[in-house]
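Geometric and topological summary
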Amino acid sequence: MNIDLKELTQLAPIFRELFKGYHVSRRDPELYAQLSNLQDQYRALFKALGYELTCDSRGFYYFVPEQMGAQVNKTAQRLALFTFILVEHLADQGRDPLAVLDGGSLGRDELPALLEKYRDLFLQAEVTSVEELEEKVMRRLSQLGFASEDNGIYRFLAPMHRFLDVCLSVQQDRDLAATLHSSLPLPTPVLLDDEQEDEIISLAEADMDESEEDALARAMAEERDAQETLA
């Protein structure tokens with residue numbers, strides 16, 4: 001298909017955010033609107049660059065990581081583990097986990113009790129203090145577009161559905177409502193050992209040797225060459 005680069009006025013910020021693992025949602029109105037309006041052109045351009053742009057019907061865009069398969073890096077595992085913990089914690093309190101994780105919020109003042117209650121599980125994720133919980137989990141959720149933070153209140157955004165999907169995938173024989181309100185503990189993902197993690201990170205880093213600026217410039221040049229050839 002012909003791609004008019006002049007129409008892609010948000011190409012640089014969109015690529016920069018997606019490249020670093022960010023999830024573009026309605027929280028980013030300009031980027032989200034352009035991706036929605038020119039989805040086919042962006043998908044074709046990013047495909048030429050070697051990235052797969054995914055549009056989730058629940059309202060967000062992201063790049064599918066390559067070479068990772070079913071295994072994910074430690075940050076993703078840590079965030080998935082936190083989601084499992086939070087689902088169980090909210091259910092124990094009589095709060096609807098889906099309502100909280102789908103546009104709801106969690107106060108910073110709730111983190112100490114959460115950490116104390118699930119300390120053994122958080123230790124698996126190398127989280128030993130409230131400061132580490134904020135740094136390694138809550139801040140990463142915000143940096144990657146899964147949540148936003150304002151005056152000590154963390155509001156969860158549409159991309160959290162990716163982690164909710166993980167929760168549901170390990171509960172294939174249960175109905176969604178029964179799963180979220182069950183008193184049974186949810187199974188937790190098993191974290192990789194250091195050797196496995198290093199192996200995966202090295203694969204990911206090998207795929208990221210090219211800087212985002214170089215990659216973007218290369219993709220645009222290739223697209224121009226292709227259009228000149230067709231002309």
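Before reading further, recall that the structure is shown in the block above.
This section reports on the structure supplied with the text. (Residues numbered from 1 in each chain as written. Predicted model: local features only at pLDDT ≥ 70, side-chain atom pairs only at ≥ 80, totals over all residues. Heavy atoms only, no water.)

**Some words on the packing of helix H4 (residues 74–92) against helix H8 (residues 130–143)**
Packing of H4 against H8 brings their axes to within 10 Å, and their N-to-C directions diverge by 90°. One way to sum up the angle between H4 and H8 is to call them roughly perpendicular. Together, Thr75, Arg78, Leu79 and Phe82 of H4 and Leu133, Lys136, Val137, Met138, Arg140 and Leu141 of H8 make up the contact between the two elements. By residue class, the composition of the contact of H4 with H8 is six nonpolar, one polar and three charged. (Axes fitted to C-alpha atoms, helices over the stretch in contact; angles between N-to-C directions. Helix = DSSP H or I, 4+ residues; strand = E, 2+ residues; numbered from the N terminus. Parallel < 35°, antiparallel > 145°, perpendicular 65-115°, else oblique. Contact = heavy atoms within 4.5 Å. Nonpolar A, V, L, I, M, F, W, Y, C, P; charged D, E, K, R; others polar.)

**Focus: the environment of Arg78**
One can find Arg78 in helix H4. You can call Arg78 buried: its relative accessible area is 9%. Taking the C-alpha atoms as reference points, Arg78 and Val137, 59 residues apart in sequence, are found 7.0 Å from one another. Once you skip the residues sitting within four places of it in the chain, Arg78 turns out to touch Ala125, Glu126, Val127, Lys136 and Val137. A polar contact is formed between the side chain of Arg78 and the backbone oxygen of Ala125, at a distance of 2.8 Å. (Buried < 20%, exposed > 50% of the residue type's maximum accessible area, 1.4 Å probe, protein only. Polar contact = N/O pair within 3.5 Å; in protein donor to acceptor, adjacent residues only side chain to side chain.)

**Quick look at H4**
Counted at 1.5 Å a residue, the expected span for H4 with its 19 residues is 27 Å, and the 27 Å between its end C-alpha atoms agrees. Along H4, 15 of the 19 residues are buried, which leaves the element largely enclosed by surrounding structure. Gly94 lies just past H4 and shows a positive phi near 80°. (Expected span 1.5 Å × (residues − 1).)

**Some words on the pattern of salt bridges**
For the structure shown, the criterion picks out 12 salt bridges. One salt bridge connects Arg119 with Glu116, and the closest N-O pair in it is separated by 3.1 Å. The partly exposed category is assigned to Arg119, whose relative accessible area is 29%. The exposure class of Glu116 is exposed, given its relative accessible area of 52%. Sharing partners across several salt bridges, the network here consists of Asp56, Arg58 and Asp165. (Salt bridge = Lys/Arg side-chain N within 4 Å of Asp/Glu carboxyl O.)

**Side note on the pairing of strand E2 (residues 52–56)**
Bridge analysis of E2 against strand E3 (residues 60–64) gives five bridges, and the strand direction is antiparallel. When the sheet's bridge partners are listed, Thr54 is paired in E3 with Tyr62. Counting the residues between successive antiparallel strands, the hairpin from E2 to E3 contains three residues, one of them, Gly59, with a positive phi of roughly 105°. (Pairing = 2+ DSSP bridges.)

**Some thoughts on the sheet that holds strand E6 (residues 153–156)**
Across a sheet, strands are paired by hydrogen bonds formed along the backbone, either parallel or antiparallel in direction. Reading across from one edge, E4-E6-E5 is the order of the three strands in this open sheet, with antiparallel pairing throughout. Two strands close off the open sheet at either side, each with one partner strand: strand E4 (105–107) and strand E5 (147–150). Strand-to-strand twist of the sheet, defined as the mean angle between neighbouring strand axes without regard to direction, takes the value 20°.

**Observations concerning unusual backbone geometry**
Glycine aside, the phi torsion of most residues is negative, and most peptide linkages are trans. Positive phi is not limited to glycine here, since Glu126 has a value of about 60°. Glu126 sits in the partly exposed class, given a relative accessible area of 38%. Positive phi, normally seen in glycine, also occurs at Asn151, with a value near 50°. In this structure, Asn151 sits in the loop between E5 and E6.

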